[in-house]
Amino acid sequence: MNLRFLHLVERNFLVWRKLMIPSLTTNLADPLFYLVGFGFGIGSMVGTVNGRPYIEFLAGGMICYSTLNSATAEALYSAFSRLKMQRTWEGILHAPMTVADIVIGEWVWAALKAVLSGSAILLIMYALGIVHGFRPLMVLPVLLLLGLCVAGLALIMTTIAKGFDFFAYYFTLVLTPMSFMSGIFFPFQALPAAMQKIALLMPLAHAAMLARGLVFGDPIPHALASLALLAAYGMVGVLVSIRIANRRLYR
């Protein structure tokens, strides 16, 4: 198996290490504010959701939401800067590296960074006494799979974008609807039947169901199908990204 992509993962890590504190702060602030503000504020009015205190329901979704934010930011803005502004990708091609090595390296790096953000939310859940023991740690492989899924989709946008403004379409038309329809802030079963079917096509909804089941020990309906869907989104995303990047860099 070709592991040259790991050199790019290492390169991105060494660069990120110098900016680790502001990077983590940026990626964690939004989901943390949602967790504390909505969890305790709205939670005091809502009471329980699906038999659990609202803050527990929300926390299970916030793990995935934080992972989504981090993978998206890295695979969109950071990767695009390396592609377009800094032209790092072109420079790397002078080494014995291919476009596929670069895209897969960006894909894996974004997913690993996203796991770190999701893990930080899990650590906060431990600190608040929302979870206990070692069982919640079983969610980490799901966070990695979600990171690969989201990063694959984001890299498609990165490889076709001409400028940063293009990403506004992705946030408005894809990420925002997915965030509100996938059961992060409220059960998606509360949506109209037609919208529930749309929600089940979104990877974030399946990741949230898997995460809550693993963190709290709840039954997970169709767990294998959810894992397969996340894996399929990720693989299709990275393969399409490689194809587009090849055309862009060698035209």
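Since the model is a prediction, treat every value here as computed from it, not as a measurement.

Student: Explain unusual backbone geometry to me, please; I cannot follow it from the model alone.
Tutor: Phi is mostly negative for residues that are not glycine, and the peptide bonds are mostly trans. Notably, R87 is not glycine yet its phi reads approximately 60 degrees, a positive angle. Here R87 shows up in the loop between helix 3 (54–85) and helix 4 (88–92). Despite not being glycine, H222 shows a phi value in the positive range, around 55 degrees.

Student: Sorry if this is basic, but what is going on with the packing of aromatic side chains here?
Tutor: To describe a pair of aromatic rings, you give the distance between the ring centres and the angle between the ring planes. One pass over the structure, following the stated rule, counts 13 aromatic pairs. Here the aromatic rings of Y77 and F167 are separated by 5.3 Å at their centres, their planes lie at 80 degrees, and the arrangement is edge-to-face. Residue Y77 is located in helix 3, and its partner F167 is located in helix 7 (residues 167–181); the two are separated by 90 residues in the primary sequence. Using a relative accessible area of 33% as the deciding quantity, one classes Y77 as partly exposed. By way of ring pairs, the aromatic residues Y77, F80, F164, F167 and F171 are connected into one cluster.

Student: Is there a simple way to think about helix 6 (residues 140–160) in this case?
Tutor: Here helix 6 contains 21 residues, and its C-alpha end-to-end distance of 31 Å stays within 8% of the 30 Å for a straight helix at 1.5 Å per residue. When you tally the buried positions in helix 6, you get 16 out of 21 residues, the bulk of the element.

Student: What is the right way to look at a nonpolar patch on the surface in this model?
Tutor: The grouping of Y77, M85, F164 and F171 at the surface amounts to a nonpolar patch, some 350 Å² of accessible area in total. On the secondary structure map, F164 appears in the loop between helix 6 and helix 7. Exposure remark for F164: the relative accessible area of 32% places this residue in the partly exposed category.

Student: Whenever I open this one, the packing of helix 3 against helix 7 confuses me. Can you help?
Tutor: Two quantities define a packed helix pair, namely the angle between the axes and the distance from one axis to the other. Two numbers describe how helix 3 lies on helix 7: the axes approach to 13 Å, and their chain directions differ by 170 degrees. It follows that helix 3 is roughly antiparallel to helix 7 by the angle criterion. Residues Y65, L68, T72, L76, Y77 and F80 of helix 3 lie in contact with helix 7, whose contacting residues are F167, Y170, F171, L175, M178 and S179. Class assignment of the residues belonging to the contact of helix 3 with helix 7 gives a composition of 10 nonpolar, 2 polar and no charged.

Student: Explain the side chain of T67 to me, please; I cannot follow it from the model alone.
Tutor: Residue position: T67 is located in helix 3. Here I63 takes part through its backbone oxygen, which lies 2.9 Å from a polar atom of the side chain of T67. With residues up to four places along the chain from it excluded, the contact list for T67 reads A114, G118, L143, L146 and G147.

Student: Just checking my understanding: could you explain the pattern of salt bridges for this structure?
Tutor: Two side chains carrying opposite charge are able to pair once their charged atoms lie near each other. Applying the stated criterion across every chain, the model contains 7 salt bridges. One salt bridge in this structure joins E56 and R52, with 3.0 Å as the shortest N-O distance. The class for E56 is buried, based on a relative accessible area of 17%. Of the charged contacts, one joins K113 and E74 as a salt bridge, the two residues approaching to 2.7 Å between their closest N and O atoms. One end of the pair, K113, is in helix 5 (residues 99–127); the other, E74, is in helix 3, with 39 residues separating them in the sequence. Here the two residues K113 and E74 agree in accessibility, since each one is buried. A network of salt bridges, in which partner residues are shared, links E74, R82, E106 and K113.

Conventions adopted
- Residues numbered from 1 in each chain as written.
- Predicted model: local features only at pLDDT ≥ 70, side-chain atom pairs only at ≥ 80, totals over all residues.
- Heavy atoms only, no water.
- Helix = DSSP H or I, 4+ residues; strand = E, 2+ residues; numbered from the N terminus.
- Phe/Tyr/Trp six-rings, centres within 6.5 Å; stacked < 30°, edge-to-face > 60°.
- Buried < 20%, exposed > 50% of the residue type's maximum accessible area, 1.4 Å probe, protein only.
- Expected span 1.5 Å × (residues − 1).
- Patch = residues over 30% accessible without salt bridge, like charges linked within 9 Å, V, L, I, M, F, W, Y side chains within 5 Å.
- Areas by Shrake-Rupley, 256 points an atom, 1.4 Å probe, with all protein chains shown as cover.
- Salt bridge = Lys/Arg side-chain N within 4 Å of Asp/Glu carboxyl O.
- Axes fitted to C-alpha atoms, helices over the stretch in contact; angles between N-to-C directions.
- Parallel < 35°, antiparallel > 145°, perpendicular 65-115°, else oblique.
- Contact = heavy atoms within 4.5 Å.
- Nonpolar A, V, L, I, M, F, W, Y, C, P; charged D, E, K, R; others polar.
- Polar contact = N/O pair within 3.5 Å; in protein donor to acceptor, adjacent residues only side chain to side chain.

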